[in-house]
Amino acid sequence: MTELLNFDADRRAVNITINSLGTELSRDDRRQLFPEFGNLYPVGHRALVSCDEYDQVRSVLAENPAFTASPSLLNKLAAETAVEKLLNEEEVRRCRLTLEKNFQYAGFFAYMKLKEQELKNMMWIAECISQQQKDRLMDGLVQVNCASCT
């Protein structure tokens, strides 16, 4: 359970950083929005606060041992792929692995996170259809049920 919560905290810190790039949000305000736990806390948070560009965020993640432990995630970070989508895919992978463990509350948390991702996928599909961007349909989808996720 701790592993999932730490990853979720890190994902939130990265999303806050990416969404605040190019805005008037000060570095102190950005730091206050970060959760006070996770694998990036506190050293990675200091590095994320000082980021001014998208590539700097990518390099902070590539230097962190929590993200370099997964070779597939590290390879995808090096490529020009959206960090948000990579983190969502990694979260789905971790949730699926958690469901294989028995007798712990993390299974319930993982199940709810997978259902949340399914809802995000449905929202993405609806947005693509309403904006008539059907050719971009697969760009934002994160596969929840696939053999390659494990």
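This one's a predicted model, so the numbers in the text were calculated from it and none came from an experiment. Sequence order as written defines residue numbering, which begins from 1 separately in each chain. It should be noted that, the model being predicted, local features are given only for residues of pLDDT at least 70 and side-chain atom pairs only at 80 or more, the latter also being counted only at that level, while totals for whole chains, interfaces and linings use all residues. Derived side-chain values reflect all non-hydrogen atoms in the structure, with water molecules and hydrogen atoms excluded from consideration.

A helix here means a DSSP run of H or I that spans at least four residues, while a strand means a run of E at least two residues long, and both kinds are numbered starting from the N terminus. Of the regular secondary structure elements, the protein holds eight helices and zero strands. Helices (α) and strands (β) of the protein occur, in sequence order from the N terminus, as α-α-α-α-α-α-α-α. Any residue under 20% of the maximum accessible area for its type is buried, any over 50% is exposed, and the rest in between are partly exposed; the area is computed with a 1.4 Å probe on protein chains only. The proportion of buried residues among the 150 residues of the protein is 37%. Here, residues are in contact when the closest pair of their heavy atoms is within 4.5 Å. If you take every contact in the protein between residues at least 6 apart in sequence, the share linking residues at least 24 apart comes to 53%. Approximately 9200 Å² of the protein is accessible, and the part contributed by carbon and sulfur atoms is 54%. A 1.4 Å probe and the Shrake-Rupley method give the accessible areas. Residues count as covered only by the protein chains that appear here.

So, on to helix α7 (residues 83-99). Every helix has an expected span of 1.5 Å times one less than the residues it contains. Here α7 spans 24 Å end to end across 17 residues, near enough to the 24 Å set by a 1.5 Å rise per residue. Among the residues of α7, Val83, Leu86, Leu87, Asn88, Glu90, Glu91, Val92, Arg94, Cys95 and Thr98 are the ones counted as buried.

On to the pattern of salt bridges, then. For salt bridges, the criterion is a side-chain nitrogen of Lys or Arg within 4 Å of an Asp or Glu carboxyl oxygen. With the rule as written, the count across this model stands at 13 salt bridges. The shortest N-O distance in the salt bridge between lysine 113 and aspartate 8 comes to 3.5 Å. Here lysine 113 is found in helix α8 (residues 106-130), whereas its partner aspartate 8 is found in helix α1 (residues 2-20), with 105 residues between them in sequence. By relative accessible area, lysine 113 is classed as buried at 8%. Residues joined by salt bridges that share partners form a network here, namely Asp8, Arg11, Arg12, Glu91, Lys113, Glu116 and Lys120.

We now examine the environment of isoleucine 18. Position of isoleucine 18 among the secondary structure elements: in helix α1. With 33 residues separating them in the primary sequence, isoleucine 18 and cysteine 51 have C-alpha atoms 9.0 Å apart. Setting aside residues no more than four positions away along its own chain, isoleucine 18 makes contact with Tyr54, Val57, Val83 and Glu84.

The analysis is restricted to geometry; functional conclusions fall outside its scope.
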